[in-house]
Amino acid sequence: KMEAAKAFEQAWRLSGMKDAESGFRAVRLFGESGAGGARECGRLALEMLDKVNGPTASDLGNYAFDRCTNGNWDRKGAIAIGNKLLQRNLTGDATRRASVHYAVAGHLWGTGQRANAVSHYRRAWEHQRENESYLRTFISSTYDSGAKAGQLKPLVDEYKKRYPQNRTYLGQ
């Protein structure tokens, strides 16, 4: 699959980067090739996202983001592609947008970029305010990043108001 992916990537390049179908096939084949392929998938998809628009860009970006995110195979690629998807509004609905923010936040947190991660956790929760785990993760990451009690209290109060039955997490 890796050799076929490289051949399709070469065809895309030889076409002057106009043969999006070959490029997309290369991205898919790289994506099916495990951890090493995920890095190549992310690299090529990121490059292609600057050259394609519309549904093709959305499909390409979302596929590559999912492949890079799967198993944390390519955190840097997932962060870059996720941010590009969000910037270009290629995520579709609010649920998917929140999911991309949440996954990007997890990758940022894993690479030590706590302030950026908290920002993405906040946006995930803002897009999906009915998602209990988004709010809980936003609160805990805000706490873990050294926030003061005054910053946490409104979030905890919001959690208590929305999920009073969830005593286990309220205790935390």
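These numbers come from a predicted model, not from an experiment. (Residues numbered from 1 in each chain as written. Predicted model: local features only at pLDDT ≥ 70, side-chain atom pairs only at ≥ 80, totals over all residues. Heavy atoms only, no water.)

Okay, the pattern of salt bridges next. As enumerated under the stated definition, the model contains 13 salt bridges in all. A salt bridge links E9 to R43, with the nearest nitrogen and oxygen atoms 3.0 Å apart. Linking E9 in helix 1 (residues 2-14) with R43 in helix 3 (residues 34-49), this pair joins segments that are 34 residues apart in sequence. On the basis of relative accessibility, which here comes to 9%, the residue E9 falls in the buried class. Residue classification places R43 among the partly exposed residues on the basis of a relative accessible area of 32%. The network of salt bridges with shared partners includes E9, R13, E40, R43 and E47. (Salt bridge = Lys/Arg side-chain N within 4 Å of Asp/Glu carboxyl O. Helix = DSSP H or I, 4+ residues; strand = E, 2+ residues; numbered from the N terminus. Buried < 20%, exposed > 50% of the residue type's maximum accessible area, 1.4 Å probe, protein only.)

With 97% of its residues at a pLDDT of 70 or more, the protein chain shows a mean pLDDT of 92. Considering each helix and strand of the protein chain separately, the mean pLDDT is smallest for helix 10 (residues 167-171), with a value of 71, and largest for helix 7 (residues 114-127), with 97. (pLDDT = per-residue confidence, 0-100.)

Between helix 2 (residues 20-31) and helix 4 (residues 54-69), whose axes approach to 10 Å, the crossing angle comes to 15 degrees. It follows from the interaxial angle that helix 2 and helix 4 lie roughly parallel. Between helix 2 and helix 4 lies a crossing of left-handed hand. Residues F24, V27, R28 and G31 of helix 2 touch helix 4, and the partners they reach there are D59, L60, Y63, A64 and R67. Each residue belonging to the contact of helix 2 with helix 4 can be placed in one class, and the counts come to five nonpolar, one polar and three charged. (Axes fitted to C-alpha atoms, helices over the stretch in contact; angles between N-to-C directions. Parallel < 35°, antiparallel > 145°, perpendicular 65-115°, else oblique. Left-handed = near helix turned anticlockwise from the far one by under 90°. Contact = heavy atoms within 4.5 Å. Nonpolar A, V, L, I, M, F, W, Y, C, P; charged D, E, K, R; others polar.)

The biggest cluster of nonpolar side chains holds 43 residues, and the ones touching the most others in it are V27, L44, L60, F65, I81, L135 and F138. If sequence neighbours within four positions are ignored, I81 has contacts with G42, A45, L46, L49, G61, A64, F65 and C68. (Core = buried A, V, L, I, M, F, W, Y, C linked by side-chain atoms within 4.5 Å.)

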